[in-house]
Amino acid sequence: LGNIDLRTRENGKIIINNNVTIEENCRVVSAKDGKILIGENTIICAYSAINGGEDVIVGKNCIIGRNTSINSNSHKIKKENIIMSQGFDHEKVIIEDDCWTGINSVITKGVTIKKGSIIGANSVVNKDTEEYSINVGAPSIKIKNRNWLIEMKIGIIIFSRLSSTRFKGKVLKKINNCYILEIIY
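If you're wondering where the values come from, they're calculated on a predicted model, not measured in any experiment.

Draft legend 1. Focus on the side chain of Thr 129. Here Thr 129 lies in the loop between strand 18 (124–125) and strand 19 (133–137). By relative accessible area, Thr 129 is classed as buried at 5%. Among the polar contacts made by the side chain of Thr 129, one reaches the main-chain amide nitrogen of Lys 114 at a distance of 2.9 Å. Apart from residues lying up to four places away in sequence, Thr 129 is in contact with Thr 112, Ile 113, Lys 114, Ser 117, Ile 119 and Asn 135.

Right, here's the structure in full:
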């Protein structure tokens, strides 16, 4: 596993459920009265950080991509005070079941990533997502739903993404970014 930094301060709690993987060089810090809860079968990939002064809830069967930053806090930034002495604002972060954050994602305080959501690499999530949505950018926006329509009907397959040229067949039609293929047996 490598070096993993798990810390609590004040009344913070860290709860890690069954079959969770935390890869090397991750940092999980729960402070104040915050609770960090990581659901079953979830993986926190290398170099990720979870900072909680408020609750951070990560659901079941999630992939938290490499170098993801999840923060239930942010620095206060008033002009009349020295930045280092201002403290933090805190809001809960919830990542529901079956979500995936791509490499270098940032999840800010107060966000709920809804069930089945995907966050693209290098994205900054500063507002709630929709269930089964795919979100990218800084700040992130929804680009489409996670609808992988795969249907076999007498040698014809319909799906929403072509992966290189590893199929034998021909494209019959493209409709709204879905491809209808005739498969050669």
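Draft legend 2. Highlighting a nonpolar patch on the surface. Together, Ile 77, Ile 82, Ile 83 and Met 84 make up an exposed nonpolar region whose accessible area comes to about 530 Å². Among the secondary structure elements, Met 84 is positioned in the loop between strand 11 (73–75) and strand 12 (88–90). Residue classification places Met 84 among the exposed residues on the basis of a relative accessible area of 80%.

Draft legend 3. Seen up close, the sheet that holds strand 2 (residues 13–16). The five strands lie next to each other as 2-5-8-13-16, forming an open sheet whose pairing is parallel. Here the strands that pair on one side only, and so sit at the sheet edges, are strand 2 and strand 16 (112–113). The sheet contact formed by strand 13 (residues 93–95) and strand 16 spans two bridges and is parallel. Within the sheet, the bridge partner assigned to Ile 94 lies in strand 16 and is Thr 112.

Draft legend 4. Main features of the environment of Val 20. In this fold, Val 20 is placed in the loop between strand 2 and strand 3 (21–22). Considering only alpha carbons, one finds Val 20 and Glu 40, 20 residues apart in sequence, at a separation of 5.8 Å. Every residue in contact with Val 20, bar those within four places of it in the chain, is listed here: Ile 38, Gly 39, Glu 40, Asn 41 and Thr 42.

Draft legend 5. Expanded view of unusual backbone geometry. Here the residue pair Ala 138 and Pro 139 is connected by a cis peptide bond, since its omega of 0° sits within 30 degrees of zero. The backbone of Glu 10 sits at a positive phi, close to 50°, despite the residue not being glycine. Within the element layout of this structure, Glu 10 appears in the loop between strand 1 (4–8) and strand 2. Even without glycine at this site, Asn 67 takes up a positive phi of about 60°. Among the secondary structure elements, Asn 67 is positioned in the loop between strand 9 (63–64) and strand 10 (69–71). You can call Asn 67 partly exposed: its relative accessible area is 37%.

Criteria and thresholds
- Residues numbered from 1 in each chain as written.
- Predicted model: local features only at pLDDT ≥ 70, side-chain atom pairs only at ≥ 80, totals over all residues.
- Heavy atoms only, no water.
- Helix = DSSP H or I, 4+ residues; strand = E, 2+ residues; numbered from the N terminus.
- Buried < 20%, exposed > 50% of the residue type's maximum accessible area, 1.4 Å probe, protein only.
- Polar contact = N/O pair within 3.5 Å; in protein donor to acceptor, adjacent residues only side chain to side chain.
- Contact = heavy atoms within 4.5 Å.
- Patch = residues over 30% accessible without salt bridge, like charges linked within 9 Å, V, L, I, M, F, W, Y side chains within 5 Å.
- Areas by Shrake-Rupley, 256 points an atom, 1.4 Å probe, with all protein chains shown as cover.
- Salt bridge = Lys/Arg side-chain N within 4 Å of Asp/Glu carboxyl O.
- Pairing = 2+ DSSP bridges.

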